[in-house]
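A closer look at the structure
Chain residues, written in single-letter form:
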Amino acid sequence: MPDATTGFTQALGRSPTGDQPLKLAVQRSGRLTEPTLDLLHAIGLQFESYGQRLFSHCRNFPLSILYGRDDDIPGYVGLGTVDLGIVGRNLIHEENVAVEELAPLGFGYCELVVAALRDAPYSEPRQLLGARIATSYPGSARRYFQGIGGDPEIITISGSVEVAPSLGLADAIVELTATGSTLLLNDLRPLATILESEAVLAANPTSLADPAKRANVDRLLMRIDAVRAAKRYKYLMMNAPEAALPAIRAVVPGLKAPTIVPLADPGWVAVHTAVEEDAFWESIERLRAAGATEILVSSLEKLLL
Ligand code: ATP
Ligand code: ZN
């Protein structure tokens, strides 16, 4: 879309402060939109994102945000129309553009899979080398099959790819799945995973080579890391007899070491520490067994390690 792209470039070039803001493309309306905007707000950016806007300027950071179709974002980043994009890794793979993946963002998880009808006589993708494959990811499908030594006929469809095999349109499909429920619903069985995907922050390599831009990209990355690290941990406060401390410290070593504060009751202490979300319930059980009481748990908002 050369006209729209030129329009965006001109619009984004106008900064209220006169300096050159970074340009970030995000999905305007779709699965990634809400978690993307939540992340941008969580890292402290102030901007308006309502309605049918095509772009907005951050009030408190040199950044302009462009809202577009997710399929267009890898191209914008690759061409340098924008410096940064938040998009599914699956689309970067599909468009096969030279962009740098700076950080996985922890949402938009899905897999690109090869799937066939449950009763079809295929147990692995190699058996599909001469078959017909329906997909909305023709680039990824073609490269995958070429990689295993074949060049099947690829039929590109933009929606409801999952019904193609039962309609007799194709022998198998290459499609995204998150929970597998749409595959199941259509009697399909995954044969192989081509790619594991989540939303990522991608950057144009030339933009990263510009020191002024790089400095602002690094500021964004530091904030994203802090927000994501905070999600991985819970903050724990508990009371315990002093004698239980060695056992408690074995369960929750803390980021460096737990904070230990004496209580007004002699022989008792309060222990403050961070614990990883993954091991959370197991840690609580072991802490209680070690003698901890009045365990208080809170979420962290930001964590700078
Ligand atoms: P657009 O209008 O921007 O082109 P779209 O309809 O193509 O949107 P969405 O369905 O909103 O795209 O999906 C956006 C991204 O969400 C996908 O590219 C993928 O990275 C991710 N995703 C996560 N789970 C799924 C899923 N179950 N199916 C499809 N995409 C998923
Ligand atoms: Zn799309």
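Scoring rules and cut-offs
Residues numbered from 1 in each chain as written. Chains lettered and ligands numbered in written order. Predicted model: local features only at pLDDT ≥ 70, side-chain atom pairs only at ≥ 80, totals over all residues. Heavy atoms only, no water. Pairing = 2+ DSSP bridges. Helix = DSSP H or I, 4+ residues; strand = E, 2+ residues; numbered from the N terminus. Axes fitted to C-alpha atoms, helices over the stretch in contact; angles between N-to-C directions. Near = heavy atom within 4 Å. Polar contact = N/O pair within 3.5 Å; in protein donor to acceptor, adjacent residues only side chain to side chain. Areas by Shrake-Rupley, 256 points an atom, 1.4 Å probe, with all protein chains shown as cover. Nonpolar A, V, L, I, M, F, W, Y, C, P; charged D, E, K, R; others polar. Domains from an automatic or database assignment. Buried area = accessible area lost by both parts, 1.4 Å probe. Salt bridge = Lys/Arg side-chain N within 4 Å of Asp/Glu carboxyl O.

With that settled, consider the sheet that holds strand β8 (residues 153-156). The pairing of strands in a sheet comes from backbone hydrogen bonds and takes either a parallel or an antiparallel form. On the basis of which strands lie adjacent, the open sheet formed by five strands has the order β8-β7-β9-β6-β10 and mixed pairing. If you trace the sheet from one side to the other, it starts and ends with β8 and β10 (188-197), each paired once. Each neighbouring strand pair of the sheet contributes to a mean axis angle of 25 degrees, computed without reference to strand direction. Note that strand β6 (residues 110-117) and strand β9 (residues 172-177) share six bridges and pair antiparallel. By the bridge assignment, Ala115 is partnered in β9 with Ile173.

Near ligand 1 lie 16 residues; those nearest to it are Gln27, Arg69, Asp70, Asp71 and Asn90. The side chain of Arg69 places a nitrogen or oxygen atom 2.6 Å from an oxygen atom of ligand 1. Asp70 places a polar side-chain atom, nitrogen or oxygen, 2.7 Å from an oxygen atom of ligand 1. Within the complex, the protein chains bury 77% of what would otherwise be the 630 Å² of accessible surface of ligand 1. Taken together, the residues of the shell around ligand 1 sort by class into six nonpolar, six polar and four charged. Lining the shell around ligand 1 are residues from two domains, each supplying at least three of them: domain 1 (5-108 + 199-209) and domain 2 (110-197).

Right, let's talk about the domain arrangement of the chain for a bit. By domain assignment, the chain separates into domain 1 (5-108 + 199-209), domain 2 (110-197) and domain 3 (233-299). The centre of domain 1, based on its C-alpha atoms, is set 30 Å off from the matching centre of domain 2. Interface area, domain 1 with domain 2, both sides summed: about 890 Å², of which 47% is carbon and sulfur. One can count zero salt bridges joining domain 1 with domain 2. Counting the contacts that link domain 1 with domain 2 gives eight residue pairs in polar contact (both at pLDDT 80 or more). A per-element tally of the side of domain 1 that touches domain 2 places helix α4 (residues 89-95) first, with five residues. Its residues assigned to classes, the side of domain 1 that touches domain 2 comprises one nonpolar, five polar and two charged.

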